[in-house]
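# Commentary on secondary and tertiary structure
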Amino acid sequence: MNKLALESLTEQKESPEYLQISWAAAMTLGLIPGQFYRNTKLSCINTLLTYPSGCHATCAYCGLQKARDMEYSKKNFIRVEWPTVKLDDIIERTKEVGHAERLCISQITHPRSIRDTKYVLKRVIEELGDQLFVSILMNATGQTYEDIEDYKKLGADTLTVALDAATPEIFDKLRGRPMNSPHRWDTYWEVLEWCGEVMGDGYAGCHLIVGLGETEQEMVETIQRVRDLGARTHLFSFWPEEGSLMEKEKPCPAPQYRRVQMARYLIDNGLSRYEDMKFNEKGQITDWGVSEEVFEEIFWSGKPFMTAGCRGKTTEVACNRPFGDSSVSDIKSYPFQPNKNDLKKVRKQMFDYEMEKAYPDVLNPSVFRYQ
């Protein structure tokens, strides 16, 4: 019986002495067997605070929601299970992973979350600070400006706010008052602004999930707002989590995600702005605000369609989260450099507007000039 099997026979361990880690991180640390598709290497060890009472919020799309009737440690998050591992073991095993360039401490909504994050951050920086960068993926509820300053003083390289929803209406509906949840739209933006102020341009991030009911135009406008605060967007494609209140909803359509991925990349790299882009009557992106030459160069680089996340010591993105928002049969966020065949598939998805019959007058070369 392996270590993780033995762990499951004991009572629930809790933070800060224990953390949950992603299935990919458990594979990378040698705690479970397995090999990634195309020999992908995970370069960020993703961890999650854990408590017997679980997360005290009820986000409709999340597998960790308190409404889910099962033992907290067995719930899945971002499509996979997260085994519980001792912090000491995570630190020691990470030292042996030569390609690990970042460790992320993810919070949940719990009274001890902020305090325990600081404890874990201090430990990780002391033991691994010379080897990798450390991120905090935070729940904005309950944070103070002083907490943000503390994270930086303790050594956090990047602070990221999990906003997730692109509009106040969707945010409130899925994770606010109607869900009997403590999260508030204005609070999340305030904390994100603090992160930009304290950390500096490029060292603050914002998680956004495409496909929760927003239009592409609404998502791109929010991405621009994030960038204007000095933060960058880490993009996810909605995937219905088993056991969540949205488990029967459809995943985000690939065409929608591809178009937003391109917009996100251009905005975050200062190549275009929301105001430069054009949208059709359905709010779909039809012009990304750059020349055809720039569009083609960026598209065939493949970078817009790779996982967006925090940087590494030698890589543009360390948090590559292999297959965290899709299956390997239809990869939404590539954890590796997509090849030419991958990009041909992306291209076909990207320009599938499914609107020839509904909007025959919109299809013309001046609007669809990138095809």
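Here's what I pulled together on the structure shown here. All values derive from a computational prediction rather than experimental measurement. (Residues numbered from 1 in each chain as written. Predicted model: local features only at pLDDT ≥ 70, side-chain atom pairs only at ≥ 80, totals over all residues. Heavy atoms only, no water.)

### Notes on the overall build of the protein chain
- Scanning the protein chain from N- to C-terminus turns up eleven helices and twelve strands.
- Each of the 371 residues in the protein chain was classed as buried or not, and the buried ones make up 59%.
- Excluding contacts between residues fewer than 6 apart, the proportion of contacts in the protein chain whose partners are at least 24 apart in sequence is 74%.
- Surface exposure of the protein chain reaches about 15,900 Å², of which carbon and sulfur atoms provide 49%. (Helix = DSSP H or I, 4+ residues; strand = E, 2+ residues; numbered from the N terminus. Buried < 20%, exposed > 50% of the residue type's maximum accessible area, 1.4 Å probe, protein only. Contact = heavy atoms within 4.5 Å. Areas by Shrake-Rupley, 256 points an atom, 1.4 Å probe, with all protein chains shown as cover.)

### Quick notes on the layout of surface pockets
- Considered as a void within the structure, the largest pocket measures approximately 570 Å³ in volume.
- In terms of lining residues, the largest pocket is bounded by 26 residues, among which T307, G309, R311, E316 and V317 are the most central.
- Class assignment for the residues of the lining of the largest pocket results in nine nonpolar, eleven polar and six charged. (1 Å grid on protein atoms, 1.4 Å probe; cavity = no way out; pocket = protein on both sides within 12 Å on 5 of 7 lines; lining within 4 Å. Points joined across faces, edges and corners; volume = space filled by probe spheres on them. Nonpolar A, V, L, I, M, F, W, Y, C, P; charged D, E, K, R; others polar.)

### So, helix α11 (residues 340-350)
- Turning to α11, its buried residues number three or more, namely D342, L343, V346, R347, Q349 and M350. Buried residues of α11 fall within an arc of 165 degrees about the axis and therefore sit on the same side. Of the exposed residues in α11, the ones pointing more than 90 degrees away from its buried face are K340, N341 and K348.
- Near the N-terminus of α11, the side chain that reaches the backbone nitrogen of N341, with its oxygen 3.1 Å away, is that of N339. (Arc of directions from axis to C-beta. Polar contact = N/O pair within 3.5 Å; in protein donor to acceptor, adjacent residues only side chain to side chain.)

### Description of empty space enclosed by the protein
- On inspection of all chains with the given rule, the structure shows three cavities of 30 Å³ or more.
- Empty space within the second largest cavity amounts to approximately 40 Å³.
- If you go around the second largest cavity, the residues you meet are L235, Y257, Q261, R264, P304, M306, T307, A308 and S333.
- The element best represented in the lining of the second largest cavity is helix α9 (residues 254-268), accounting for three residues.
- Of the residues belonging to the lining of the second largest cavity, the class tally is five nonpolar, three polar and one charged.

### Thoughts on the sheet that holds strand β7 (residues 133-138)
- Strand order across the open sheet formed by eight strands is β5-β1-β2-β6-β7-β8-β9-β10, with mixed pairing between neighbours. The two strands at the open ends of the sheet, each matched to only one other strand, are β5 (84-86) and β10 (231-237). Taken pair by pair, the neighbouring strands of this sheet meet at an average axis angle of 30 degrees, ignoring direction. (Pairing = 2+ DSSP bridges. Axes fitted to C-alpha atoms, helices over the stretch in contact; angles between N-to-C directions.)

### Things to note about the environment of I105
- Topologically, I105 is positioned in strand β6 (residues 102-106).
- Sequence-wise, I105 and I21 are 84 residues apart; in three dimensions their C-alpha atoms are separated by 9.5 Å.
- Apart from residues lying up to four places away in sequence, I105 is in contact with T47, L49, T117, V120, L121, V134, S135, I136 and L137.

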